[in-house]
Amino acid sequence: MVATAPAADLVPQERRLITALPGPRSQALAARRVAAVAPGVSSTLPVYVERAGGAVLVDVDGNHLIDLGSGIAVTSVGHAVPEVVAAVSGQASRFTHTCFMVGPYEGYVEVCEALNRLTPGTHDKLSALFNSGAEAVENAVKIARHATGRQAVVVFDHAYHGRTNLTMALTAKSHPYKQGFGPFAPEIYRVPMSYPLRDPAGMSGTEAAARALGMAEKQVGAATIAAVLIEPIQGEGGFVVPAPGFLAAISEWCRANDVLLIADEVQTGFCRTGAWFACEDEGVVPDLITTAKGIAAGLPLAGVTGRAEIMSHVHVGGLGGTYGGNPVACAAALAGISVMEDGDLVARARRVGESLRSALGGATDRHSGVAEVRGRGAMQAIELVRPGSIEPDPQAAAAVAAACHRQGVIVLTCGTWGNVIRLLPPLTIGDDLLEEGLSVLVEALDEVLG
Ligand code: PLZ
């Protein structure tokens, strides 16, 4: 008899290590993997997952690990949430695919309605659905170029937008994302981000915006720029939070120059930062917004939402794809969005954020190797440096992450130099489990940083 109870009910919300990590079954799978899986696809964890529920992953050896990464900001509502499991299995038993471009269905329309309602701004909006964050970003750029009749796209230092050819060009970091994979798409121009820790002391958000926009004006020319594309808080690039006023100044300049502002909220969106979308905290209303990750509780789904007149500029048939807005993914999204609304996960993200900050705050005071604790809501990070400098220390970050992993706590690293430890727990994580996970991280920091 196959178990039908959702995994969240079956998985106790506790850390439980019964073997050293990785255990023997994970090691056996790792050996099989070497012979079958291309090495270019890497994994953070050495353990193989058998099931997951809430904020706990269970590996093939029966170890229970605390998940402070949510599969890179995806399972914000938690793993195997009963409402999502029911919606997904119900939809899978009705139909799994028709292709929206062949036989349309209600779930797609309903997800677009939800995106139009939840994203910043009260203007008329339209949406289109895709499969991944990269695909959403590519389509946002296509739409912006079509609507403006211009080609240039301005992006920022430390940006991450994906791994497809266009999004590799939009992404800043060469290794591992771009090296050897060129040539890259043309008409992409990179300008400096506001990165308060590494900018000249005291540089304000408006000064950082003037530095970036001045460069765009001189080197590209406002009249040829279709869009400025920005993550309101950078994700892979190191959870870089721009100085207050930076985003607003970029937004004003865009409006004054008929340049579209595209907010890439693939990582920051859907309650993560203690708002539905991170732009809200800056009072910024983008023309186009890209979403993915947290949108569908773990199923592949992404969206582009934008001003109706921009979105409807593209000719009929100009946007699409076989799987975009898959009905099972749409069912997961609608259930996940209900969980977010009913459980007020915006407020919960803020409380999780306070716990993260108070646990990490002490580490900054104790260790000169912690340059900064930063982030917003349940998206917080610490940047590690060589003591007495701001020289990045990726070895320390890797050692801290590995120590957490050995103890059954999943944390992720990020940053242009790989020296940032980031936390993205499920927003529904219990207080006790979160405290336990954080105490393991703090111990690891004390151990590695001395
Ligand atoms: N835009 C802001 O964070 C994905 C990448 C993991 P996809 N970030 C995780 C990796 O190493 O591949 C991301 C993002 C922002 C776009 C993307 C791309 O989203 O769903 O991975 O295509």
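Computed from a predicted structure; not experimentally measured.

Novice: Sorry, what's going on with the overall build of the chain here?
Specialist: Across its full length, the chain carries 14 helices and 15 strands. In terms of C-alpha radius of gyration, the chain reaches 22 Å, essentially the compact-globule figure of 22 Å for 450 residues. Overall, the C-alpha framework of the chain stretches about 60 × 60 × 45 Å when taken along its three principal axes. For the chain, with 450 residues in total, the buried portion stands at 55%. Put simply, 73% of the contacts in the chain that link residues at least 6 apart link residues at least 24 apart. When the accessible area of the chain is evaluated, it comes to approximately 18200 Å², of which 55% is carbon and sulfur surface. Taken as two groups, the 33 positive and 45 negative side-chain charges of the chain have centres that lie 5 Å from each other.

Novice: Looking at this structure, how should I read unusual backbone geometry?
Specialist: A negative phi angle characterises most non-glycine residues, just as the trans form characterises most peptide bonds. Looking along the chain, the bond that leaves Leu21 and enters Pro22 is cis, with omega of -5°. Mapped onto the secondary structure, Pro22 falls in the loop between helix H1 (7–10) and helix H2 (24–36). Of the consecutive residues His175 and Pro176, the connecting peptide bond is found in the cis state with omega at 10°. Mapped onto the fold, Pro176 is located in the loop between helix H7 (165–170) and strand E6 (188–191). At Ala80, a position not held by glycine, the phi torsion is positive, near 50°. Position of Ala80 among the secondary structure elements: in the loop between helix H3 (70–73) and helix H4 (82–94).

Novice: What am I meant to see in the site of the ligand here?
Specialist: Taken together, 15 residues lie near the ligand, and Gly133, Ala134, Arg163, Asp264 and Gln267 sit nearest. Within the contact set of the ligand, an oxygen atom lies 2.7 Å away from a side-chain nitrogen or oxygen of Arg163. Residue Gln267 places a side-chain N or O atom 2.8 Å away from an oxygen atom belonging to the ligand. In terms of residue class, the shell around the ligand is built from five nonpolar, five polar and five charged.

Novice: How should helix H11 (residues 327–342) be read in this particular structure?
Specialist: For an α-helix the count is 3.6 residues per turn, leaving residues at separations of three or four pointing the same way. Under the 1.5 Å per step criterion, the end-to-end length of H11 is 22 Å for 16 residues, consistent within 8% with the ideal 22 Å. Here H11 lies mainly inside the structure; 13 of its 16 residues are buried. Capping the start of H11 is the job of one residue whose side-chain oxygen sits 2.9 Å from the backbone nitrogen of Val328: Asn326. Downstream of H11 by one or two residues, Asp344 has phi in the positive range, about 45°.

Novice: Even after reading the chapter, I still don't get the side chain of Glu231, so can you show me in this structure?
Specialist: Assignment of secondary structure puts Glu231 in the loop between strand E7 (225–230) and helix H9 (246–256). Arg190 provides the closest opposite charge to the buried, unpaired Glu231, separated from it by 7.9 Å. If we ignore the near neighbours within four places in the chain, the residues touching Glu231 are His158, Ala159, Tyr160, His161, Met193, Glu236 and Asp264.

Novice: Help me understand the sheet that holds strand E14 (residues 412–414) in this model?
Specialist: Hydrogen bonding along the main chain pairs the strands of a sheet, whether they run parallel or antiparallel. Taken together, the four strands give an open sheet; going across it, the order is E11-E12-E15-E14, and neighbouring strands pair in antiparallel fashion. What marks the edges here is a single partner per strand, and that holds for strand E11 (370–376) and E14. Recorded for the sheet is a direction-independent mean angle of 25° between the axes of neighbouring strands. Bridge count between E11 and strand E12 (residues 379–384): six bridges; the pairing is antiparallel. Bridging from a neighbouring strand, Val370 pairs with Leu384 of E12. Across the sheet, helix H12 (residues 345–366) lies against E11, E12 and strand E15 (420–423), angled at about 170° from E11, the strand it touches most. Helix-sheet contacts for helix H13 (residues 394–406) involve E12, E14 and E15, and the interaxial angle to E15 is about 40°.

Novice: Looking at this structure, how should I read the domain arrangement of the chain?
Specialist: One frequent convention defines the size of an interface as the accessible area lost when the parts assemble. Segmentation of the chain into domains returns domain 1 (24–80 + 345–449) and domain 2 (97–325). Put simply, the middle of domain 1 and the middle of domain 2, counted by C-alpha atoms, are 26 Å apart. At the junction of the two partners, domain 1 supplies 38 residues and domain 2 supplies 30 residues. The junction of domain 1 with domain 2 conceals about 2700 Å² of combined surface from both sides, 58% of it contributed by carbon and sulfur atoms. Broken down residue by residue, the surface that domain 1 buries against domain 2 is led by Arg376, Met379 and Thr416, which jointly contribute 29%. In this assembly, domain 1 and domain 2 are joined by four salt bridges. Of the charged contacts, one joins Glu282 and Arg376 as a salt bridge, the two residues approaching to 2.9 Å between their closest N and O atoms. Between the two partners, domain 1 and domain 2, sit 22 residue pairs in polar contact (both at pLDDT 80 or more). By residue class, the composition of the side of domain 1 that touches domain 2 is 22 nonpolar, 10 polar and six charged.

Novice: How do you make sense of the packing of H12 against helix H14 (residues 431–449) when you look at a structure like this?
Specialist: Helix-helix packing is characterised by the crossing angle of the two axes and by the distance between the axes. At their nearest, the axes of H12 and H14 sit 10 Å apart, and the two run at 20° to each other. Here H12 lies roughly parallel to H14, going by the angle between them. Handedness of the H12/H14 crossing: right-handed. Taking contact as the criterion, the partners of Arg348, Val352, Ser355, Leu356, Ala359, Leu360, Ala363 and Arg366 in H12 are, on H14, Asp431, Leu434, Glu435, Leu438, Leu441, Val442, Leu445 and Asp446. A per-class count over the contact of H12 with H14 returns 10 nonpolar, one polar and five charged.

Definitions and limits used
- Residues numbered from 1 in each chain as written.
- Predicted model: local features only at pLDDT ≥ 70, side-chain atom pairs only at ≥ 80, totals over all residues.
- Heavy atoms only, no water.
- Helix = DSSP H or I, 4+ residues; strand = E, 2+ residues; numbered from the N terminus.
- Rg over C-alpha atoms; globule rule 2.2 N^0.38 Å.
- Buried < 20%, exposed > 50% of the residue type's maximum accessible area, 1.4 Å probe, protein only.
- Contact = heavy atoms within 4.5 Å.
- Areas by Shrake-Rupley, 256 points an atom, 1.4 Å probe, with all protein chains shown as cover.
- Lys, Arg positive; Asp, Glu negative; His and termini not counted.
- Charge placed at Lys NZ, Arg CZ, Asp CG, Glu CD.
- Near = heavy atom within 4 Å.
- Polar contact = N/O pair within 3.5 Å; in protein donor to acceptor, adjacent residues only side chain to side chain.
- Nonpolar A, V, L, I, M, F, W, Y, C, P; charged D, E, K, R; others polar.
- Expected span 1.5 Å × (residues − 1).
- Salt bridge = Lys/Arg side-chain N within 4 Å of Asp/Glu carboxyl O.
- Pairing = 2+ DSSP bridges.
- Axes fitted to C-alpha atoms, helices over the stretch in contact; angles between N-to-C directions.
- Domains from an automatic or database assignment.
- Buried area = accessible area lost by both parts, 1.4 Å probe.
- Parallel < 35°, antiparallel > 145°, perpendicular 65-115°, else oblique.
- Left-handed = near helix turned anticlockwise from the far one by under 90°.

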